[in-house]
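Coordinate inspection notes
Spelled out, the chains give:
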Amino acid sequence: MWKWLHSYADPERAYKLSGTLLPWFSILAILLVGTGSIWGLLFAPTDYQQGDSYRIIFIHVPAASMSMAAYMGMAVASFIGLVWQIKSADWAAAAIAPIGAVITFIALLTGAAWGKPMWGTWWVWDARLTSELVLLFLYLGVISLYASFEDKVLAARAAGILAIVGVINIPIIKYSVDWWSSLHQPSTIKITEKSTMSTDMLYPLLINIFGFGMMIGAITLIRYRAEILARNGMRPWVRELAKAEEAK
Amino acid sequence: MKRGISYTAAFMTLLQRDLRIAIRHRGDIFNPLLFFILVVTLFPLGIGPEPQVLTRVAPGIIWVAALLASMLSLERLFKADFSDGTLEQMLLSPQPLSLLVLAKVLAHWILTGVPLILVAPLLAVLLHLDSNSYGALMATLALGTPVLSLLGAIGVALTVGLRKGGVLLSLLILPLYIPVLIFATSAIDAAGLNLAYDGQLAILAAMLVGSLILAPFAIGASLRVSTN
């Protein structure tokens, strides 16, 4: 199995594989986000307490959960890059970081927009919100550390160590609503027991969460392909690719 | 295989060397301390001298100032050793790097953390801190400042090879400092209200134990990246 996996560490094969995967991710992302958003924003029932303003949940929750998932993805890729010295994994981590930062920012922004009508304030210094803000800072730290090294091999290693150290923040975000009494509501989606949410609202939300996952996957693949090309600009296969592109 | 000197001897040698160097450059000890005192004195001037207000914000001010002072002093942790090549000798030595790194961080804490703890009660008097909170202040500083040194050293090790590491350093390590700040100030606040604060202290102690075990490896790995 390791031998089979190792062949994908080769940049050319990784580039080709991400090329074949990209349309699938894109199509699924468009379908799922489209269905989930239209269902959630137009057809899901109105909440009896929060009225229509609860509908931002269909953007906020997927963005927030994906901000953590993207971080874990980045950290795992960095770990693989550090331990097994696989450069393709380092590039993947570098590709995810800015996407994760943006999705974290979206989660914070939609959270603020939801907090204004519900809590009467844009922002509270609450455990969940603060730890999500720390996540944004961690992403920005990883991005700027990666950018500040001239040698991108070193840059990926340094940023990778920081990403792995920052993983400590992920369980803090996840369980902050259970550990501290917080203004933020506890999670409504449960994997092992029944969710505390009516199914007409739950299904579009779940669809959107998967849709956001696919969307992040698609954008990551685009950035990953660009990163591979940028780091392998001197290799013959990239040059041939560029020539073939020019001939078109 | 003969490994030269024992681990204990290597640790003590490096610790003594760092302390001796610092004592010969006394400014390195006093500058962060002066910075700490100056930052704290700025707050009463900025927000007004009412004792009630100051009592309320004193824990936060002292801790934020301690965070900034620790970050300021950290920048020099590996700089001189990096530029004169001592760091590479440390990486090449047969003793484990994490042990040597721990000695350096301990020296840094003795030189900057301990003076800070000693001067903190004086500043607490100036800020009209609740008399109940003194014990909590000292306990949180004693448990928290080593964590700051350990976590900060990771950031310093990552940026030591960069020419403009200063601003980047704050972006890298201040987010990691936030949990320490939250639990330390909440312990002092609880003590001020005569509530039990051993829970917060236990979490700070857990952070200290955790970072004491894991941070040296991260610092070592980062130094290997930086010196390449």
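Residues numbered from 1 in each chain as written. Chains lettered and ligands numbered in written order. Predicted model: local features only at pLDDT ≥ 70, side-chain atom pairs only at ≥ 80, totals over all residues. Heavy atoms only, no water.

Applicable threshold: UniProt positions are given in the numbering used here, feature names are shortened, and annotations may be inferred rather than shown by experiment.
Labelled according to an unreviewed UniProt entry, chain B appears under the name Heme exporter protein B, originating from Shewanella metallivivens. Looking at chain B in UniProt, the text filed under Sequence similarities (unreviewed entry) is "Belongs to the CcmB/CycW/HelB family." On record in UniProt, under Function (unreviewed entry), the comment for chain B is "Required for the export of heme to the periplasm for the biogenesis of c-type cytochromes."

Within an unreviewed UniProt entry, the label attached to chain A reads Heme exporter protein C, and the organism entered is Shewanella metallivivens. In its Sequence similarities (unreviewed entry) section, the UniProt entry covering chain A states "Belongs to the CcmC/CycZ/HelC family."

Considerations on the overall build of chain A
Applicable threshold: Note on conventions: DSSP H or I runs of at least 4 residues are helices, E runs of at least 2 residues are strands, and numbering of each starts at the N terminus. The contact criterion used is simple: two residues touch if any of their non-hydrogen atoms lie within 4.5 Å. Note on areas: these come from Shrake-Rupley sampling with a 1.4 Å probe, and a residue is covered only by the protein chains present in the view.
When helices and strands are counted, chain A shows nine helices and zero strands. In terms of overall dimensions, chain A has a C-alpha envelope of 65 × 35 × 35 Å along the principal axes. Excluding contacts between residues fewer than 6 apart, the proportion of contacts in chain A whose partners are at least 24 apart in sequence is 72%. As presented, chain A carries roughly 13200 Å² of accessible surface, and 69% of it is formed by carbon and sulfur atoms.

What about the packing of helix H3 (residues 57–83) of chain A against helix H6 (residues 152–166) of chain A?
Residue and element names in this part refer to chain A. Cut-off, in case you're wondering: Comment: axis = line fitted to C-alpha atoms, over the contacting stretch for helices; angle = value between 0 and 180 degrees taken between N-to-C directions. Any angle between 65 and 115 degrees counts as roughly perpendicular, while under 35 counts as roughly parallel, over 145 as roughly antiparallel, and the rest as oblique. Crossing handedness is defined as follows: a turn of the near helix away from the far one that is anticlockwise and smaller than a right angle gives a left-handed crossing, while the clockwise case is right-handed. Gly falls in the polar group here, along with every residue not listed as nonpolar (Ala, Val, Leu, Ile, Met, Phe, Trp, Tyr, Cys, Pro) or charged (Asp, Glu, Lys, Arg).
Relative to each other, H3 and H6 sit at 130°, their axes nearing to 8 Å. Classified by the angle their axes make, H3 and H6 are oblique. Crossing of H3 against H6: the hand is left-handed. Across from Tyr 71, Met 74, Ala 75, Ser 78, Phe 79 and Leu 82 in H3, the residues of H6 making contact are Arg 157, Gly 160, Ile 161, Leu 162, Ala 163, Ile 164 and Gly 166. Classifying every residue of the contact of H3 with H6 gives nine nonpolar, three polar and one charged.

As for the interface of chain B and chain A
For clarity, the cut-off: Throughout, the accessible surface (probe 1.4 Å) given up by two parts as they are put together, summed over both, is called the buried area. We count a salt bridge whenever a side-chain nitrogen from Lys or Arg sits within 4 Å of a carboxyl oxygen from Asp or Glu. As used in this structure description, the phrase polar contact means that two N or O atoms lie within 3.5 Å; if the pair is within protein, one of them must be able to donate a hydrogen and the other to accept it, and residues adjacent in sequence are counted only when both atoms belong to side chains.
On the side of chain A, 16 residues touch chain B, which itself brings 16 residues to the contact. Both sides together, the interface formed by chain B and chain A hides about 1600 Å², and carbon and sulfur atoms give 86% of it. Counting the contacts that link chain B with chain A gives zero salt bridges. Here chain B is connected to chain A by zero residue pairs in polar contact (both at pLDDT 80 or more). At the level of elements, helix H7 (134–159), helix H8 (166–192) and helix H9 (198–227) of chain B are the ones that each hand at least two residues to the side of chain B that touches chain A. The element contributing the most residues to the side of chain B that touches chain A is H8 of chain B, with seven residues.

Overview of the side chain of Gln 200 of chain B
Residues and elements named next belong to chain B. Basically, it comes down to this: Type-normalised accessible area, obtained with a 1.4 Å probe on protein chains alone, sets the label of each residue: buried when under 20%, exposed when over 50%, and partly exposed for intermediate values.
In this fold, Gln 200 is placed in helix H9. Owing to a relative accessible area of 18%, Gln 200 belongs among the buried residues under this scheme. Not counting residues within four places of it along the chain, the set of residues in contact with Gln 200 comprises Phe 183, Ser 186, Ala 187 and Ala 190.

A look at the confidence of the model for chain B
Put simply, the rule reads: pLDDT is a residue-level measure of predictor confidence that goes from 0 to 100.
Confidence in the prediction of chain B, expressed as mean pLDDT, is 88, and 98% of residues score 70 or more. Taken over the whole predicted complex, pTM reads 0.85, whereas the ipTM for its chain interfaces reads 0.79.

A look at the pattern of salt bridges
For side chains of opposite charge, pairing can occur when their charged atoms come near one another. All names here are of chain B. Inspection of the entire model under this criterion finds seven salt bridges over all chains. Here Asp 81 makes a salt bridge to Arg 17, at a shortest N to O gap of 3.0 Å. Taken together, the residues Asp 81 in helix H4 (residues 79–84) and Arg 17 in helix H1 (residues 7–24) connect sequence positions 64 residues apart. You can call Arg 17 partly exposed: its relative accessible area is 24%. Asp 189 serves as the salt-bridge partner of Arg 56, at 3.8 Å between the closest nitrogen and oxygen. One end of the pair, Arg 56, is in helix H3 (residues 51–74); the other, Asp 189, is in helix H8, and 133 residues separate them in sequence.

Describing the nonpolar core
The test is simple: Joining through side-chain atoms within 4.5 Å is the link that ties buried Ala, Val, Leu, Ile, Met, Phe, Trp, Tyr and Cys residues into a set, and such a set is a nonpolar core.
Membership of the largest hydrophobic core comes to 116 residues, with the highest contact counts inside it found for Phe 36, Phe 78 and Ile 219 of chain B. Among the elements that take part in this core, helix H6 (residues 97–126) of chain B stands out by supplying 13 residues, more than any other. Ignoring anything within four residues of it in the chain, the contact list for Phe 36 of chain B reads Ile 62, Ala 65, Ala 66, Ala 69, Leu 116, Val 119 and Leu 123 of chain B. Formed by 19 residues, the second largest nonpolar core is a distinct cluster that contains Tyr 54, Met 66, Met 201 and Ile 216 of chain A.

Concerning the UniProt feature "transmembrane region" (unreviewed entry) in chain A
All names here are of chain A. As recorded in UniProt, the sites labelled "transmembrane region" (unreviewed entry) are residues 21–44, 56–84, 91–115, 127–147, 154–173 and 202–224. Taken end to end, residues 91–115 is 100% helix and 0% strand, and its two terminal C-alpha atoms sit 37 Å from one another. With 90% helix and 0% strand, the stretch residues 154–173 has end C-alpha atoms that lie 30 Å from each other.

Notes on the packing of H6 of chain A against H9 of chain B
Following both chains from N to C, one finds H6 of chain A and H9 of chain B inclined at 165°, their axes separated by 9 Å at the closest point. On the basis of the axis angle, H6 of chain A is roughly antiparallel to H9 of chain B. Note that H6 of chain A runs across H9 of chain B; the crossing there is left-handed. When H6 of chain A is examined against H9 of chain B, the residues Leu 154, Arg 157, Ala 158, Ile 161 and Val 165 of chain A are found in contact with a partner set consisting of Ala 218, Ala 221, Ser 222 and Val 225 of chain B.

A closer look at the layout of surface pockets
Short version of the rule: Think of a 1 Å grid over the protein atoms and nothing else: a 1.4 Å probe that fits but is trapped marks a cavity, an open set flanked by protein within 12 Å on at least five of seven lines marks a pocket, and residues with an atom within 4 Å of a point count as lining. Grid points are joined across faces, edges and corners, and a volume is the space filled by probe spheres set on the points.
Taken as a whole, the largest pocket holds about 1400 Å³ of empty space. Along the wall of the largest pocket there are 43 residues; nearest its centre are Ile 168, Asn 169 and Ile 172 of chain A together with Pro 179 and Met 207 of chain B. Mapped onto the lining of the largest pocket, the elements with two or more residues apiece are H3, helix H5 (127–148), H6 and helix H7 (169–179) of chain A together with H7, H8 and H9 of chain B. The greatest single-element share of the lining of the largest pocket, amounting to 10 residues, is contributed by H9 of chain B. In terms of residue class, the lining of the largest pocket is made up of 32 nonpolar, nine polar and two charged.

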